[in-house]
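These are the residues of each chain, in order.
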Amino acid sequence: MAVVLAAFTVFFVLPVLWLVLAATKTDHQLVHGNPLSFGSWHALKANWQALTAFQDNAILLWLRNSAIYAGISLVITLCVAVPAGYALAMTEFRGRRALLVATLIVMLMPNATLVVPLFLELNAVHLIGTMWSIILPYSFYPFGVYLTYIYFTTAVPRDLLAAARIDGCSEFGVFRHIALPLASPVVALVGFFSFVANWTNYFLPYVMLPESDQMPVQVGVGTLLSSVPSFNPTVGSLAIERPQLALATLVAITPVLVVFLFSQRFLVAGMLAGATKE
Amino acid sequence: MTATHSPVASVRRRPQGARRQGRAGAAFVAAYLVLLIAFGVVPTAYAVYFAFSNAQGAFTGFDNFVTTMRDFRFVPALGHVGLYLLFWLVSLVVIVVGLALLLHRLASDGAGKALRFLFYIPGALAGAASVLVWLFILDPTVSPVSSLLSGLGYDTFGQVIAPGHLPLLFTIIAFWTGAGGWIVVIYGALNNIPKDVMEAARIDGAGAWQTAWRVQIPMLRKWIVYMVILAFAGGAQLFVEPQLLSLASVGVAGRDYSLNQLSYDFAFQMNNINGAAAVSVELLIVSLSAAALFVARSGFFDAE
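For every chain, the first residue of the written sequence is number 1, and numbering continues from 1 along that sequence. Ligands are numbered from 1 and chains lettered from A, in the order in which they are written. Where local features are concerned, this predicted model is filtered to residues with pLDDT of at least 70; where side-chain atom pairs are given and counted, the filter is 80 or more; whole-chain, interface and lining totals use all residues. In computing side-chain values, all of the structure's heavy atoms are included and hydrogens and water are not.

A short note on the overall build of chain B
Let me state the cut-off plainly: Put simply, DSSP marks the helices as runs of H or I at least four residues long and the strands as runs of E at least two long, and each gets a number from the N terminus on. Each residue gets one of three labels from its accessible area relative to the maximum for its type: buried under 20%, exposed over 50%, partly exposed in between, using a 1.4 Å probe on protein chains only. Contacts are residue-level and defined by heavy atoms, with any inter-residue pair within 4.5 Å sufficient. The accessible surface values rely on the Shrake-Rupley method and a 1.4 Å probe; as for residues, cover is taken only from the protein chains in view. Lys and Arg are tallied as positive, Asp and Glu as negative. Neither His nor the chain termini are counted. The location of each charge is read from NZ of Lys, CZ of Arg, CG of Asp or CD of Glu.
Helix and strand content of chain B: 15 helices and zero strands. When the backbone C-alpha atoms are referred to their principal axes, chain B occupies close to 65 × 60 × 30 Å. Every one of the 304 residues in chain B was classed for burial, and the buried ones make up 52%. Nonlocal contacts in chain B, meaning residues at least 24 apart in sequence, comprise 66% of its contacts between residues at least 6 apart. A total accessible area of about 13700 Å² is found for chain B, and carbon and sulfur atoms account for 65% of it. Between the centroid of the 18 positive side chains of chain B and the centroid of its 14 negative side chains there is a distance of 18 Å.

Next up, the structure:
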């Protein structure tokens, strides 16, 4: 058991460790040095300076854009997806099954195909080039609706809600005072995955927001990648080296890791222990 | 737990309550319904419309489907994706569920928490970033595991990424980024199994293995079905791994390795949005058929 866990730990961690170390090296050290050696603080500092110098602090602007886009859509997603998943799981209403099926179909559609129709649709309402052209599509998060739906059908007994109704609770009251507190692990789960999905999305903002000062950090890192001479020999004086690209990747993923650490407690809490005795 | 209450019976006894519930349920989904139509149903319907028409917007029946299926790259791409899906689904179900169960047994001593975090980290490197990292890991000249690679007899990048290895390599890359998130989901679901159920299993003399097999895994059923449906659809859409590998390998993995790449090629290289949509609709139909099979056999849509 310990051996299996250790092996998988190495598998998951080693490439990340390599990436962290790569950011501390010069390009020469990266190719010729020991792959798992530490470069130097000096090289790390130089890499950071070269990275921020690119388009005059563009990386910081991209990070700010990502935070705005992912943050606003996170709030909308939670307000929309959690009540929807709850209603699908715990109440009977006309069209419930049709809604579940439609959600599943939409989720299975290849994303790359939906980008062109989305572009045409948003263009028709003059939202292309504005931040709403990605915030609104991000806010639609069927994956989260299903997470909530499965959570309620598997983890929350309906008897609990029925008891509250008999005690005179309104339907909204049942949701607000009984279901929502019990749902905090899944609210955290939906919030976390929605944030990560939006933060790491590349294709949609790539199509919708062509200006460099509107880009989120993922698209920005893509721009950096095409400015690395070893991947794209045509770049001129604005060149970025591979260790700086590694550093940019690390900077881009750090917010996700921080949010994960912060929300981990909520993600896995066994909130339901003792909610019912049957 | 599911056998002890019967919501259907109580709804029948109180038709007025059921009506009230129905109205409330509809109100709770209203906002979601708006977003679903605007950003799900309309774009999907638009894509289906593309698939059945030509560039001038005239209805062409199944012409786009026939054209794309007759494309010489279609059948090989189908084969590649099929083999990859097999590796990807088996590894995901077996290893993710296995690791989640192992971590769950460790949970008390904090090591479980630390490992969960470590296993999740690659999940933050979604998309292009993960492939970029693996391009280095798989290249014996810079790889931190170059001794392992040369031990297996591979000394150049070209040997490592030989065409026969690709389904396995893509599985490893996708697993590396994707497994951590699912481990978090399954682990959370394990936490929601009531303590007294686990207690009862222990009192009945079930060991760790029997508890997992007869109690925990059956109670995870819906989560596993959901994971398989999405992993199937996601795997069928294999794109970014072969696409980036083809850039870095000078053509070992062609730009037409997977069906989704073929679709992308139709749309953005050959300027044939309609053909691209047809390939996507084919992928959708395959994924839907698989999903329907799982849904029907698992009671996935039942509000228990």
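Considering the confidence of the model for chain A
Counted only if it meets this: Values of pLDDT, which run from 0 to 100, indicate the predictor's confidence residue by residue.
Averaged over every residue, the pLDDT of chain A is 86; the share at 70 or more is 92%. Throughout residues 270-278 of chain A the model reports pLDDT below 50, and contacts reaching past four residues in sequence, or to other chains, amount to 19 contacts.

Description of the interface of chain A and chain B
Size of an interface: often given as the accessible area lost when the parts come together. Operational definition: The term buried area refers to how much accessible surface (probe radius 1.4 Å) is lost by two components on association, counted for both of them together. One speaks of a salt bridge when a side-chain nitrogen belonging to Lys or Arg is within 4 Å of a carboxyl oxygen belonging to Asp or Glu. Whenever a nitrogen or oxygen atom comes within 3.5 Å of another N or O atom, the pair is scored as a polar contact, on the condition that within protein one atom can donate a hydrogen and the other can accept it, and that pairs from neighbouring residues in sequence are kept only if both atoms are in side chains. Throughout this entry, Asp, Glu, Lys and Arg are counted as charged residues, while Ala, Val, Leu, Ile, Met, Phe, Trp, Tyr, Cys and Pro are counted as nonpolar. The remaining residues, Gly among them, count as polar.
In this complex, chain A contributes 99 residues to the contact, which on the side of chain B involves 95 residues. Contact between chain A and chain B buries roughly 8900 Å² in total, counting both sides, with carbon and sulfur atoms accounting for 78%. On inspection of chain A and its partner chain B, the count reaches one salt bridge. For A:Glu171, the salt bridge is made with B:Arg20, and the minimal N-O distance between the two is 3.2 Å. Where chain A touches chain B, the interface holds seven residue pairs in polar contact (both at pLDDT 80 or more). By residue class, the composition of the side of chain A that touches chain B is 77 nonpolar, 12 polar and 10 charged.

What to know about the nonpolar core
As a rule of thumb, soluble globular proteins bury nonpolar side chains together. So the rule is basically this: Think of a nonpolar core as a cluster: buried Ala, Val, Leu, Ile, Met, Phe, Trp, Tyr and Cys residues, connected wherever their side-chain atoms sit within 4.5 Å.
Ranked by size, the top nonpolar core spans 191 residues in total, and within it A:Leu147 and B:Tyr226 carry the most contacts. Ignoring any residue separated from it by four or fewer positions in sequence, one finds A:Leu147 in contact with A:Val186, A:Leu189, A:Val190, A:Phe193, B:Val185, B:Trp223 and B:Tyr226.

Some thoughts on unusual backbone geometry
Residue and element names in this part refer to chain A. Here the phi dihedral of Asp-56 falls at roughly 55°; this positive angle occurs in a residue that is not glycine. Tracing the chain through its elements places Asp-56 in the loop between helix 3 (41-53) and helix 4 (58-90). For Asn-57, which is not a glycine, the phi torsion comes out positive at approximately 65°. Secondary-structure assignment places Asn-57 in the loop between helix 3 and helix 4. Note on Asn-57: relative accessible area 36%, which makes it partly exposed.

Details of the environment of B:Ala179
Topologically, B:Ala179 is positioned in helix 9 (residues 166-191). Sequence-wise, B:Ala179 and B:Leu238 are 59 residues apart; in three dimensions their C-alpha atoms are separated by 16 Å. Not counting residues up to four positions away in its chain, the partners in contact with B:Ala179 are A:Phe12, B:Leu92, B:Val96 and B:Ala174.

Looking at helix 9 of chain B
Residue and element names in this part refer to chain B. Filter applied, for reference: For a helix, the expected span equals 1.5 Å multiplied by the residue count minus one. What is called the bend at a residue is the angle between a pair of axes, fitted to the seven residues leading up to and ending at it and to the seven starting from it.
The first and last C-alpha atoms of helix 9 sit 36 Å apart over 26 residues, in line with the 38 Å expected at 1.5 Å per residue. Largest kink in helix 9: about 40°, centred on Gly-178. Most of helix 9 is tucked away, with 22 of its 26 residues classed as buried.

Brief notes about the confidence of the model for chain B
Low-confidence regions, as indicated by low pLDDT, have predicted coordinates that should not be scrutinised in detail. Residue and element names in this part refer to chain B. Mean pLDDT over chain B stands at 84; residues scoring 70 or higher make up 90%. Looking over chain B, one finds the lowest element-wise mean pLDDT in helix 1 (residues 7-13), namely 45, and the highest in helix 4 (residues 74-106), namely 92. In this model, residues 1-13 is a region of pLDDT below 50 whose contacts with residues beyond four sequence positions or in other chains number 15 contacts. Taken together, the chains of this predicted complex give a pTM of 0.84 and an interface ipTM of 0.87.

Side note on the environment of A:His28
All names here are of chain A. The topology assignment puts His-28 in helix 2 (residues 27-32). According to the relative accessible area criterion, His-28 is exposed, its value standing at 56%. Sequence separation between His-28 and Ala-6 is 22 residues, and the spatial gap between their C-alpha atoms is 32 Å.

With respect to the packing of helix 1 (residues 2-22) of chain A against helix 9 of chain B
Put simply, the rule reads: Axis definition: a line fitted to C-alpha atoms, over the contacting stretch in the case of helices. Angles run 0 to 180 degrees between N-to-C directions. Angle categories are assigned with fixed cut-offs, so that under 35 degrees is roughly parallel, over 145 is roughly antiparallel, 65 to 115 is roughly perpendicular, and the rest are oblique.
The geometry of helix 1 of chain A relative to helix 9 of chain B is characterised by a closest axis approach of 11 Å and an angle of 95° between their N-to-C directions. Between helix 1 of chain A and helix 9 of chain B, the angle is such that the two are roughly perpendicular. Together, A:Phe8, A:Phe11, A:Phe12, A:Pro15 and A:Val16 of helix 1 of chain A and B:Ile172, B:Phe175, B:Trp176 and B:Ala179 of helix 9 of chain B make up the contact between the two elements.

What about the packing of aromatic side chains?
Heads up, the condition is: Each Phe, Tyr or Trp ring (for Trp, its six-membered ring) is paired with any other whose centre lies within 6.5 Å, and the angle between the two planes then decides the class: stacked below 30 degrees, edge-to-face above 60, tilted in between. Look at NZ for Lys and CZ for Arg. If either is within 6 Å of the ring centre and within 35 degrees of the ring normal, a charge sits over the ring.
One pass over the structure, following the stated rule, counts 43 aromatic pairs over all chains. Aromatic side chains A:Tyr146 and B:Tyr226 sit 5.6 Å apart centroid to centroid with 15° between the ring planes, which places their arrangement in the stacked category. One end of the pair, A:Tyr146, is in helix 8 (residues 142-155); the other, B:Tyr226, is in helix 12 (residues 221-236), on a second chain. Cluster of aromatic residues (ring-pair linked, three or more members): A:Tyr141, A:Phe143, A:Tyr146, A:Tyr149, A:Phe192, A:Phe193, A:Phe260, B:Phe117, B:Tyr120, B:Trp182 and B:Tyr226. One residue, B:Arg73, lies across the ring of B:Phe266, its end atom 5.8 Å from the ring centre. It is B:Arg116 that lies over the ring of B:Tyr187; its NZ or CZ is 4.1 Å from the centre.

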